[in-house]
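Observations on chain architecture
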Amino acid sequence: MTERIEALLREIQANRQNLWEKDKLSQLIESQRVPLSTPERIELVRGLSKMNIFEWLDFISSQLTTLASTEDAYIDLLLEVLTKVRRDMAQGPIIEALIKIGIDNPHLGVQLSEAMRKRGEEVLSLYSSQPLAGAGKTDLGAVEAILAGLLSSEEAIDRITALRAYRSIFGSKELGADSEFRQLLRRTVQDGDSGVRTETAIALLDTAKKDETDAREGLIALAKHDDAVRFVIADKLLVANVSPTLRMDLLAICAQSNNNDTLRAVGFALAQHGMEAPGDATKIILELEAGGRYNMIDSLRYAAQQIGKTRMEAALPVVERFILEQDSPLLKYTMDSLLSDLGSSNPAALAELLCLWLEKEAILREVSLRTLRLVLGSAYGRGDESIAGHVYPALLAFAEKKGIDTRKLKATADGKTVQSIELLSRVSQGHKRFDYKALESSWRQFPSMRSLLTDKWFEQKRKEDNADHPLIIYLAQFSEKPSIPAPIQESKDKGTQELVKAIAANELLFPDAFLKYFELMASRLADLPNLGNLKNRLRDDNQFVSAFSEMQLIHAFVKASFLSQIEPTLGNKQLDLAITIGDQRILIEVITPDVFPRLKYSAGVVGIPNRAGSKIYEEFKKHLADVSEVLDEPVIVVIDISGSEISYDSVADYLFGTLQFTFTLDKKTGDVVSVMPNRGRDSMHDLRSSEYNLDVVSGVLCYKTGLDNVGHIRISCTMFINPYAVNSISGEQASKLQGAIIESIK
């Protein structure tokens, strides 16, 4: 890079707050005493791309149009830019710039498209569709033969390129039902390549806004028979312009997927559009809840909250019918979260309905009692006494009808909410004092756990009559050995279906699964040195959860045969873990947000804002700020989000910038013409300062622990790589980290 461009980049960086707008930056560039040459402009764009491509995205896009040529230097620049934006939803301006090249100069568009494909790079081949499409918008005849050749190619990437070009060309044109493009899509629905079928699904969603009847058959065929395409359909349904009927039909099919990413996309689409057809949307969520997926997919809970916010009166009768039709005793274990989410915006109305259920069928009474505990717990956390005004009289009448002596509760409880919760506990048979004799029998069934924590610790808990430590709680539940209800054991045709519904019932399955998982980890870590501090924290009531997260990681990396160092020292700081993958040492810091201790009366997450950024920032200041200048090794922050409101999406927003949507309106009709996703300028990289360089964080790995469909521990995991990291990790290293955690349960 020339000194002149280096100086210009430093000036831009120093004045970034004043120059982020394209026009202002363009003025600075054009005001240079000696105009920049084409090679210098390419250097400038490359430098801005490395600095922060999304901050200067509009300017970079305009320069791609201005500099367009088939020269190697320009193609190299495209490769660098496209590699950075290809999977980001904010890439729209880059695509528009490539299309504009072909629109303004069809001949250049065709030549550039060919030059990009000749490189043999996948990303260039895929995006070569855009200048070709631009040429087709201006002169369709100039590209028809090229598109036909690509579409008949044996290479799937060529067929995908052709479809993308067709989509761009015809996206703004009115198409008849018998158009050549629609006939083409009918053929590619049956293509043997999943990528081509995916592109076909996107094209069908594009054309559905003009003729939904014609597109419906192909979309449903793809969704039913191609699980790989379901994610794309569900994801695009968030913004696709289709009817509520088609949207819900497709989402119902996509919801049959076993892929969490697909189900997460289904949840977001339902959250955005569920109020258009609240009955159908609620039924989709209920089916997923019945399969044990509801509490594992954050967006499904968000969808229920959004539907309940505007259409709760339409959704709740659907839930009631579903419960009665299923007639399963296991629903009392699984419906409380869904119902409380549906009623989160109007808990008083939900509470009134639940009180009515106390006088109905037994299964509705069971569901009502468990859900009321969540509703009252949330009200307690907010300091809201009004809900208890609806609930207490109904609970009191129900308790007295069951012959429960309520006089002592009336005399001693403080506040109607606490009084209602205590009364509810009595009605539900409440909390029993732990039988430590039974606990000891269970304790002895886990020899590795005993060796790790010691019998001395257990005896101390016995003396305390401890009922707070998670392991003591799980041992107590394990001691009771609750069995799957008789109707499930006796069922033939519905046995499998009912067992799946039991997955969400932690009282039945989770304690057993958790203790076996803990025993497995303890057995593998038995001879590992430097575990003293971890053992002490595992023994502590309030530190167990965070220590357990560290134990999970140590176990995962040891099982994966990574060279592991517990509590490595860095300068004057002590980190959680260091591992070596190949020849690269990677430092690990672990965060377990807000899981324990539990409040007696509160329930669930109540009004806690998205704190992913603050948690990562706090960890950085605590362990990395003082040594950031000397760090020459990658640092990964790991977040155990199992018991937190923090989601994968909130972490992505912090690392890459908040996901936003720009809506373009037709001034004449007021209709939405387009929806353009982009990223805000509030990423971790943007928050760097002269005091702290947050880019020493090389990436963030999030994971969540739950149960699978047969009652075993399951871990889902996502790795986010900081594209501006001072010490970067490769995609292969990230994949190995993620794989080690997911595979650790086997």
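These notes cover the structure that comes with them.

Cut-offs and rules
- Residues numbered from 1 in each chain as written.
- Predicted model: local features only at pLDDT ≥ 70, side-chain atom pairs only at ≥ 80, totals over all residues.
- Heavy atoms only, no water.
- Buried < 20%, exposed > 50% of the residue type's maximum accessible area, 1.4 Å probe, protein only.
- Helix = DSSP H or I, 4+ residues; strand = E, 2+ residues; numbered from the N terminus.
- Arc of directions from axis to C-beta.
- Salt bridge = Lys/Arg side-chain N within 4 Å of Asp/Glu carboxyl O.
- Pairing = 2+ DSSP bridges.
- Contact = heavy atoms within 4.5 Å.

1. Section: helix α11 (residues 144–151)
Along α11, the residues classified as buried are L147, L150 and L151. Axial view of α11: buried residues confined to an arc of 95 degrees, hence all on one face.

2. Quick notes on the pattern of salt bridges
For the structure on display, the rule yields 32 salt bridges. With its nearest N and O atoms 3.9 Å apart, the salt bridge here joins D336 to R370. Here D336, found in helix α21 (residues 331–342), pairs with R370, found in helix α23 (residues 362–382); they are 34 residues apart in sequence, far enough to count as distant. Here D336 falls in the buried class, since its relative accessible area comes to 11%. Of the residues examined, R370 reaches a relative accessible area of 26% and is grouped as partly exposed. Close ionic contact of E459 with R462 constitutes a salt bridge, the shortest N to O distance being 3.1 Å. Of this pair, E459 and R462 both sit in helix α29 (residues 455–464), three residues apart, which is roughly one turn of the helix. Residue class for E459 comes out partly exposed when judged on its relative accessible area of 33%.

3. Quick notes on the pairing of strand β4 (residues 577–581)
Across a regular strand the side chains alternate sides, sitting on one face of the sheet and then on the other. Of all five residues that make up β4, four are buried, and the element is covered over most of its length. Sheet topology places strand β1 (residues 563–566) next to β4; four bridges connect them, and they run antiparallel. By the bridge assignment for β4, I566 is matched with L577. Relative to strand β5 (residues 584–591), β4 is paired through five bridges, and the arrangement is antiparallel. Looking at β5, one finds that T580 is bridged to R585. Hairpin connection of β4 to β5: two residues between the antiparallel strands, including G582 at a positive phi of 65 degrees.

4. Regarding the environment of V726
As for its position among the elements, V726 is in the loop between β10 (713–721) and α38 (731–743). A relative accessible area of 45% means that V726 is categorised as partly exposed. It is 7.9 Å that separates the C-alpha atoms of V726 and P634, two residues lying 92 residues apart in sequence. Discounting residues that sit within four places of it in the chain, V726 has contacts with N693, D695 and V696.

Keep in mind these values describe shape, not function.
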